[in-house]
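Residue-level structural notes
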Amino acid sequence: NDIKKHTTTKGSKKRIATTSLAGCFGCHMSLLDIDLGLLDVIELVDIHKSPLTDIKKFTERCDIGLIEGGCCNTDNVEVLREFRKNCDILISVGECAIWGGLPAMRNTVPLEACLSEAYLNSMTSEEGETIIPNHEDIPKILNNVYANHDVVKIDYHIPGCPPNANHIWNVVKHILFEEEYTIAYSEFKYD
Ligand code: SF4
């Protein structure tokens, strides 16, 4: 348990932000899994930009950014860089964020073959279908799915799929308030 001490933004109530990149939202569901414990958490922290609050833009700097999912398209990269710019500490939460997770299984197949299988040759493709979606408003798919630390500096990783809810919040409280805790092996959760 050698988490380093960090300087956080001033003020008694700390701010966190969260986002889901190439993930399944399971890590965000886990964040909510502390049930009434959430009432204690929101006494300590404000949740700023996040799918949980539906706040879309950073208007204030945040102490911690929790990132679910890795980077599979140009939008993921842009959002991740925005989080790096606006958060003091970035944490990759869950296997998709840490190494790409399930979406990274496509890294073993060339992108073209992957898109053809999904859009032209799948069981639900229409006869004679020839179009792979491609429009300037649609984020470009990257050749590979990348771990977040391949794109920006990540300060901490919380393993699991999804990580146990108490584990996530214990890490957040430890970083923000230096609260002591230990992680039991059984807390590493892979559902
Ligand atoms: Fe979903 Fe697991 Fe990836 Fe979290 S780590 S986004 S729960 S697949």
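See the structure printed just above.
Sequence order sets the numbering: in each chain, residues are counted from 1 along the sequence as written. Residue-level local features of this predicted model are given only where pLDDT is at least 70; pairs of side-chain atoms are given and counted only at 80 or more, and the full residue set underlies all totals for whole chains, interfaces and linings.

**Concerning the overall build of the chain**
Put simply, DSSP marks the helices as runs of H or I at least four residues long and the strands as runs of E at least two long, and each gets a number from the N terminus on. The helix and strand tally for the chain stands at six helices and seven strands. Helices (α) and strands (β) of the chain occur, in sequence order from the N terminus, as β-α-α-β-β-β-α-β-α-α-β-β-α. Counting only C-alpha atoms, the chain reaches 60 × 40 × 30 Å along its principal axes. Sorting the 191 residues of the chain into buried and exposed places 31% on the buried side. Note on contacts: residues are paired as contacts if their backbone-placed C-beta atoms lie within 7 Å. Partitioning the intrachain contacts of the chain with sequence separation of at least 6 by distance along the chain shows that 79% fall at a separation of at least 24. Exposure classification rests on a simple neighbour count of other C-beta atoms within 10 Å of a residue's own: a residue reaching 20 or more is buried, one at 12 or fewer is exposed, and one in between is partly exposed. C-beta atoms are placed from the backbone.

**A few points about the site of the ligand**
Think of it this way: take the backbone, place a C-beta atom on it, and check whether that atom is within 6 Å of the molecule or strand, in which case the residue is near it. Lining the immediate surroundings of the ligand are 13 residues, of which Gly23, Gly26, Gly94, Cys96 and Cys161 lie closest. Elements with a minimum of two residues in the shell around the ligand: helix H1 (26-31) and helix H4 (95-99). Looking at the shell around the ligand residue by residue, the class counts come to six nonpolar, five polar and two charged. The residue classification treats Ala, Val, Leu, Ile, Met, Phe, Trp, Tyr, Cys and Pro as nonpolar and Asp, Glu, Lys and Arg as charged. All others, Gly included, are polar.

**Side note on the nonpolar core**
In this description, a nonpolar core means buried residues of the types Ala, Val, Leu, Ile, Met, Phe, Trp, Tyr and Cys, linked to one another by C-beta atoms lying within 7 Å. Counting residues in each nonpolar core, the largest one holds 33 residues, and the members touching the most others are Ile64, Ile67, Ile91, Val93 and Ile168. At six residues, the largest contribution of residues to this core is made by helix H6 (residues 165-177). Sequence-distant contacts of Ile168, that is, excluding residues within four places in its chain, are made with Ser30, Leu31, Val93, Ile158 and Pro163.

**Some points on H6**
In this analysis, the expected span of each helix is defined as 1.5 Å times one less than the number of residues it contains. In this model, H6 (13 residues) spans 18 Å end to end at C-alpha, consistent with the 18 Å of a helix rising 1.5 Å per residue. Of all the residues in H6, the buried ones are Ala165, His167, Ile168, Trp169, Val171, Val172 and Ile175. Looking at the residues trailing H6, positive phi occurs at Glu178, about 60 degrees.

**Describing the sheet that holds strand S3 (residues 62-68)**
Whenever strands of a sheet pair, they do so through backbone hydrogen bonds, lying parallel or antiparallel. The rule for pairing is simple: two strands pair if DSSP sees at least two bridges between them. Across the sheet, which stays open at both edges, the five strands sit in the order S2-S1-S3-S5-S7 with parallel pairing between neighbours. The sheet is open, and its two edges are formed by strand S2 (45-47) and strand S7 (156-158), each paired on a single side. Ignoring which end each strand starts from, the neighbouring axes of this sheet average 25 degrees apart. When strand S5 (residues 87-93) meets S7, the two strands line up parallel, connected through three bridges. Bridging from a neighbouring strand, Val93 pairs with Ile158 of S7. Note on method: axes are straight lines fitted to C-alpha atoms, helices fitted across the in-contact stretch only, with angles between N-to-C directions ranging 0 to 180 degrees. The strands touched by helix H3 (residues 74-86) within the sheet are strand S1 (14-20), S3 and S5, with S5 carrying the most contacts at an inclination of about 135 degrees.

**Focus: the environment of Pro133**
Along the chain, Pro133 turns up in the loop between helix H5 (111-119) and strand S6 (141-146). Given 9 C-beta atoms within 10 Å, Pro133 falls into the exposed group. In sequence terms Pro133 and Tyr119 are 14 residues apart; their C-alpha atoms lie 8.2 Å from each other. Setting aside chain neighbours within four positions, we find Pro133 in contact with Tyr119 and Ile138.

**Quick word on the pairing of S5**
The buried count for S5 comes to six of seven residues, which makes it a mostly enclosed element. Sheet topology note: the S3/S5 ladder contains six bridges and is parallel. The residue bridging Glu68 from the neighbouring strand is Val93, located in S5.

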